[in-house]
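Geometric and topological summary
Chain by chain, the residues:
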Protein chains: 2
Amino acid sequence: MSPIRVINPDGTFTTGPETTERLLTPGEVAQIFGVGPKTVNRWALTGRIPSVRTPSGQRRYRETDVITLLSGDRSS
Amino acid sequence: MSPIRVINPDGTFTTGPETTERLLTPGEVAQIFGVGPKTVNRWALTGRIPSVRTPSGQRRYRETDVITLLSGDRSS
DNA sequence: TAACAATGGGGTAATTGGGGGC
DNA sequence: TATGTCCCAATTACCCCATTGT
């Protein structure tokens, strides 16, 4: 993973020359996949999805990781 | 299929310039069509309806795809 | 009658959701 | 208000087989 270069006023941050990252809450990821927030936490516990921890212990998920899972080639 | 561009706070996400998507569970789709969940599963396996997989393997269906099928644009 | 497609039921294992409490 | 965690019932995926209709 690329190192963080610049943090923007809107909360996004660059990890490379042209890449901008965004962190999603468990609730946001849950709605994206059509499941509950607890299920997303379960995914993190079982290693199905990478996660970042806030200093208080809550989980955040990279938008790029979510998009990768959504694009996962399991069409059927 | 268009690549995902942006994920919104309400769980929708754009797959193109102006498109927003939502996902339905097998049970919901089954209730909509008046069939059993297993039949919806079979539709996905036979390619009659597109589906997205959760990281754990369960299927979710795009509301727009269901609406399209309900609209009755079938070949026969 | 045979062949075929579509649907549902049974069984099993894995996943999920809801309640409760923190 | 949202989240992290635990427990339990409901849902789902996947297999095979019976039924129905063409």
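Shown above is the structure to which this text applies.
Residues numbered from 1 in each chain as written. Chains lettered and ligands numbered in written order. Predicted model: local features only at pLDDT ≥ 70, side-chain atom pairs only at ≥ 80, totals over all residues. Heavy atoms only, no water.

Our focus in this paragraph is the packing of aromatic side chains. All names here are of chain A. Per the stated rule, a full pass over the model turns up 2 aromatic pairs over all chains. Each ring, one from Phe33 and one from Trp43, has its centre 5.2 Å from the other, and the planes form 85°; the classification is edge-to-face. Note that Phe33 is positioned in helix 1 (residues 26-33) and Trp43 in helix 2 (residues 37-45), a separation of 10 residues in sequence. Classification of Trp43 as buried rests on a relative accessible area of 3%. (Phe/Tyr/Trp six-rings, centres within 6.5 Å; stacked < 30°, edge-to-face > 60°. Helix = DSSP H or I, 4+ residues; strand = E, 2+ residues; numbered from the N terminus. Buried < 20%, exposed > 50% of the residue type's maximum accessible area, 1.4 Å probe, protein only.)

Contacts to DNA strand D come from 17 residues, most closely from Lys38(A), Asn41(A), Arg59(A), Gly27(B) and Arg59(B). The sugar-phosphate portion of DNA strand D accounts for 91% of its atoms within 4 Å of the protein, the bases making up the rest. One nitrogen or oxygen atom from the main chain of Gly27(A) is found 3.2 Å from a phosphate oxygen belonging to DNA strand D. Listed by contribution, the elements that provide at least two residues to the surface near DNA strand D are helix 1 and helix 2 of chain A together with helix 1 (26-33) and helix 2 (37-45) of chain B. Residues of the surface near DNA strand D, tallied by class, amount to 4 nonpolar, 8 polar and 5 charged. (Near = heavy atom within 4 Å. Polar contact = N/O pair within 3.5 Å; in protein donor to acceptor, adjacent residues only side chain to side chain. Nonpolar A, V, L, I, M, F, W, Y, C, P; charged D, E, K, R; others polar.)

Let's shift gears to the environment of Gly27(B). Residues and elements named next belong to chain B. Along the chain, Gly27 turns up in helix 1. Exposure remark for Gly27: the relative accessible area of 37% places this residue in the partly exposed category. Sequence separation between Gly27 and Asn41 is 14 residues, and the spatial gap between their C-alpha atoms is 9.8 Å.

Any link to function would need more than the numbers given here.
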